Amino acid sequence: MASASSSLLSEEQFLCSICLDVFTDPISTSCGHNYCNTCITHYWNTSNVCQCPLCKETFNMRPKLSVNKVLSEMADQFRKSKQQRQTSSTNPEPAEPDEVSCDVCTETKPKALKSCLVCLTSYCDAHLEPHLKLPGLKRHKLIDPVKNLEDILCKRHDRPLELFCKTDLMCICQFCTESDHKLHTTVSLEEAYEGKKAELGKTEAEVQQMIQERQVKIKEVRRSVELGKKDADTVVAVSVQVFTALISCIERSQAELIDVIEEKQKTTEKQAEGFIKELQKEITELEKRSSELKQLLHTEDHLHLLQNFTSINIPPPTKDWTKVNVHQSSHAGTVRTAVAQLEKTLSQEIEKNLHDAELRRIQQYEVDVTLDPDTAHCELILSEDGKQVSDDNIKKNLPDNPERFSTCVIVLGKQSFSSGRFYYEVEVKGKTAWTVGVARESINRKGDITLSPNNGYWTIWLRNGNEYKALAGPGVLLPVREELQKVGVFVDYEEGLVSFYDVETRVHLYSYTGCAFTERLYPYFSPCVIRNGENSAPLIISPVNHTD
């Protein structure tokens, strides 16, 4: 049946309009046109838009292609019948090296007879035939065969590109100077070539500098990994000493701790590897660009240099690596987490002793903190000794100095700290709302305030009588079992650590880790407002009881 059909159709109906040969695995687009599967796929892969080459209908999404089996069978039958009609002949002789070969032939490349300025393709005798027969192709302009048609001809005037427009930075023909580029500054290709070559040399030097900078950054990243590994090894060694004297349960916890530390180290190394891969990828791209620039710098083809100048003169996009570093993980929180996990498997006595020892160690950094009246909101009442603060909902006539909080009921401690470790305790007994912690010197003290480390506040609070949170932005709920009576606040400035403790039960509540302190820190207190007669109890800075 396919044979009968194909015999009634002309050769024109079996030719792909892209390769101008009989269809191979033909597919049909939704607009009704047919192409070889390979031809239309290559056409779309090399085009910025997905459209039909004939009617220019644009597709929002690339159509899913499937072979038109009926047309494929007919094309195969037509091809066979055509081959049967043709007399056998020897293969054509391939074109000489200095001759233009046919762009359509896939095996032996015979000499091209003509080049088409519309298709920008050169054809041998066999493939030129459609241009001589088909009405649509007869209108195409044929010239003697030339190489690189698309490179040497003006797209508008089909004239050789002989000049360079310095105004529009493009190669033009003589006719262009009489139309769109009439008033523009033009020079010969030779003159433009020399100028752009000098610019390419400068760009290549910049690329080399970028490569060197990234090689130095790789060394820095690797050094950071080495230091992190040494720190991790140190923490592991210390943890081994701590857990050696404990029972087998503690030894299992020690192994878990080591796994966590090593996992953190692996994460750090993975991050570093990621940075290195990115840097090496950028170096590869830069080296590739450098190679392209060097090749272009050494080319004697004026036109080739000018046409590729704009796309290759700009270094490829790269990341700003000046602020990228591999940060060493702080393992103090890891040790604390391991101890907390150990609590679940040990007796209540061991649990109490462990936390008691930790808090006793921290309490040795106790400092004497008093409240600063110059920072206190006008509704707050401070005790004469500067150790207690409460709210009475009555605004007092106080000077609005820069240090004073204008909207939120907050007061800071007089003492500030810019190094070392310090610890203080705050009694919160009988209150339904409060906030305590530390704040940096440059915090905003006027208007509404959002508590978060990004804004310079490292705090925890109580709201509604039972909602305990760390204001880490977003807030973190704290697993407090019983109402807090006294809160301990510990800061290690160099370590970038702010920790909170339930003093009565000797339990760690929360820690901010990895804080990059650069300013003086002040103790922070907010007794919060009285609502419906509740929350009138004061916040009290209490001395540390070292005999508990």
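Residues numbered from 1 in each chain as written. Predicted model: local features only at pLDDT ≥ 70, side-chain atom pairs only at ≥ 80, totals over all residues. Heavy atoms only, no water.

1. Brief notes about the side chain of His 131
Thinking step 1. Within the fold, His 131 resides in helix H4 (residues 125-133).
Thinking step 2. Among the polar contacts made by the side chain of His 131, one reaches the side chain of His 140 at a distance of 3.3 Å. (Helix = DSSP H or I, 4+ residues; strand = E, 2+ residues; numbered from the N terminus. Polar contact = N/O pair within 3.5 Å; in protein donor to acceptor, adjacent residues only side chain to side chain.)

2. Thoughts on the sheet that holds strand S5 (residues 142-143)
Thinking step 1. An order of S4-S3-S5 is seen for the three strands of this open sheet, with the pairing classed as antiparallel. The open sheet has two edge strands with one neighbour each: strand S4 (121-123) and S5.
Thinking step 2. Two strands pair when backbone bridges link them, and strand S3 (residues 114-116) and S4 are joined in this way by three bridges, in the antiparallel orientation. Of the residues in S4, the one forming a bridge with Lys 114 is Tyr 123.
Thinking step 3. The strands touched by H4 within the sheet are S3, S4 and S5, with S4 carrying the most contacts at an inclination of about 110 degrees. (Pairing = 2+ DSSP bridges. Contact = heavy atoms within 4.5 Å. Axes fitted to C-alpha atoms, helices over the stretch in contact; angles between N-to-C directions.)

3. Some details on helix H2 (residues 37-45)
Thinking step 1. Among the residues of H2, those classed as buried are Cys 39, Ile 40 and Trp 44. What you see down the axis of H2 is that its buried residues fit within an arc of 125 degrees, all on one side. Those residues of H2 that are exposed and aimed more than 90 degrees away from the buried face are Thr 38, His 42 and Asn 45. (Buried < 20%, exposed > 50% of the residue type's maximum accessible area, 1.4 Å probe, protein only. Arc of directions from axis to C-beta.)

4. Quick look at the environment of Glu 467
Thinking step 1. Looking at the element boundaries, Glu 467 is found in strand S15 (residues 467-470).
Thinking step 2. Expressed as a C-alpha distance, the spacing of Glu 467 and Leu 478, which sit eleven residues apart in the sequence, is 8.0 Å.
Thinking step 3. With near-sequence residues (within four places) excluded, Glu 467 lies in contact with Trp 461, Leu 462 and Leu 477.

5. A short note on the nonpolar core
Thinking step 1. Of all hydrophobic cores here, the largest spans 49 residues; its most connected members are Trp 434, Ile 460, Val 487, Tyr 512 and Phe 525.
Thinking step 2. Considering every element that reaches this core, the biggest residue donor is strand S14 (residues 457-463), with five residues.
Thinking step 3. What Ile 460 contacts, discounting residues up to four positions off in sequence, is Trp 434, Thr 435, Val 436, Lys 469, Ala 470, Leu 471, Leu 478, Val 487, Phe 500 and Leu 509.
Thinking step 4. By size, the runner-up hydrophobic cluster in this structure holds 37 residues, among which are Leu 161, Cys 173, Ala 192 and Ile 211. (Core = buried A, V, L, I, M, F, W, Y, C linked by side-chain atoms within 4.5 Å.)

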